[in-house]
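Coordinate inspection notes
Now for the letters of each chain:
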Amino acid sequence: MATHLHLGDLPDGLDLGPIVAVDSETMGLRYRRDPLCVVQLSSGDGDAHVVRLNRPDYDCPNLKRLLTDPTVLKLFHYARFDVAMFQLYLGLDTAPIYCTKIASKLARTYTDRHGLKDVARELAGVELSKAQQSSDWGAADLTKDQLAYAASDVLYLHRIRDRLDEMLAREGRTGLAQACFNFVSTRSALDLAGWDEMDVFAHS
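Residues numbered from 1 in each chain as written. Predicted model: local features only at pLDDT ≥ 70, side-chain atom pairs only at ≥ 80, totals over all residues. Heavy atoms only, no water.

On to the state of the cysteines, then. The final tally for this structure, using the stated rule, is 0 disulfides. Cys37 carries a free sulfur, and the closest cysteine sulfur to it, the one in Cys60, is 13 Å from it. Overall, the relative accessible area of 1% leaves Cys37 in the buried class. In this structure Cys99 is a free cysteine whose sulfur lies 9.4 Å from that of Cys180, the closest cysteine sulfur available. For Cys99, a relative accessible area of 2% translates into the label buried. (Disulfide = S-S within 2.5 Å. Buried < 20%, exposed > 50% of the residue type's maximum accessible area, 1.4 Å probe, protein only.)

Structure (structure tokens):
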């Protein structure tokens, strides 16, 4: 298992395969106040690639190409936030996507615990540390602890997806999950346009 740090962009010619786990780190959770700083990826082979982005220009053509490649499934946990950040700072729509948080909510109806830590513990048998979640991701040099945390957020998503796919199929909810995944880009656009705290489908 190894974590590879890349400055500014992914290297030319890097092939991460047809399914790539993706996550991002930001300076906070407010879209326009808190910039996108880091994107981490894994092909599910035990290695993680961490890209510390150049701000404010975000010149990363290889990463952008991967995120928009229609032949590569991008695998997230809580895609709504990451996809919105990519829309805002990278100027692109990420597709196609799979969100393990959405899948968990549709498949694991016996619990209300759908955070990555809980899902990873149950479905992958892994204990994740969240100690670095609120650290300074805009720093010029990322610490070993930050890199380990960033890697852990993508290293197990393939395994989690496999289990969730089995559960969704068993409960007859695979098609419903796919429809939700297809809507994430629109949901993210609504968030950026000011409807982040409102359910536009609600009666009131």
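This is not the end of the story, as more comes after the structure.
As a further point, take the nonpolar core. Core analysis: the biggest nonpolar cluster contains 56 residues, and Leu36, Leu41, Leu63, Phe86, Leu90 and Ile160 have the highest contact counts within it. For Phe86, the residues in contact, after removing those within four places along its chain, are Val22, Ser24, Leu36, Val39, Leu67, Phe76, Gly91, Leu92 and Thr94. Formed by 8 residues, the second largest nonpolar core is a distinct cluster that contains Cys37, Val50, Leu147 and Ala150. (Core = buried A, V, L, I, M, F, W, Y, C linked by side-chain atoms within 4.5 Å. Contact = heavy atoms within 4.5 Å.)

All right, on to unusual backbone geometry then. Put simply, Arg55 and Pro56 share a cis peptide bond, and its omega is 5 degrees. Counting through the fold element by element, Pro56 comes out in the loop between β4 (48–52) and α1 (61–68). The omega torsion across Ala95 and Pro96 is -10 degrees, close enough to zero to call that bond cis. Backbone geometry places Tyr58, a non-glycine residue, at a positive phi of 50 degrees. By the secondary structure assignment, Tyr58 is in the loop between β4 and α1. Among the residues examined, Tyr58 registers a relative accessible area of 4% and is labelled buried. Located in the positive-phi region is Tyr78, a residue other than glycine, with phi close to 65 degrees. Turning to its location among the elements, Tyr78 is positioned in the loop between β5 (73–76) and α2 (79–90). (Helix = DSSP H or I, 4+ residues; strand = E, 2+ residues; numbered from the N terminus.)

Moving on, we come to the packing of helix α4 (residues 116–124) against helix α6 (residues 157–170). α6 packs onto α4 with a crossing angle of 75 degrees between their chain directions and a minimal axis gap of 9 Å. Here α4 lies roughly perpendicular to α6, going by the angle between them. Contacts between α4 and α6 involve Leu116, Val119, Ala120, Glu122, Leu123 and Ala124 on the former and, on the latter, Leu157, Arg159, Ile160, Arg163, Leu164 and Met167. The residue makeup of the contact of α4 with α6, split by class, is 9 nonpolar, no polar and 3 charged. (Axes fitted to C-alpha atoms, helices over the stretch in contact; angles between N-to-C directions. Parallel < 35°, antiparallel > 145°, perpendicular 65-115°, else oblique. Nonpolar A, V, L, I, M, F, W, Y, C, P; charged D, E, K, R; others polar.)

The next point concerns the sheet that holds β5. In space, the 6 strands of this open sheet follow the order β1-β4-β3-β2-β5-β6, with mixed pairing throughout. Lying at the two open borders of the sheet, with one neighbouring strand each, are β1 (3–7) and β6 (97–99). For this sheet, the mean inter-axis angle between neighbouring strands, taken without regard to orientation, is 25 degrees. Inspection of the sheet shows β1 paired to β4 by 5 bridges, in the parallel sense. Along β4, the bridge assignment pairs His6 with Val51. (Pairing = 2+ DSSP bridges.)

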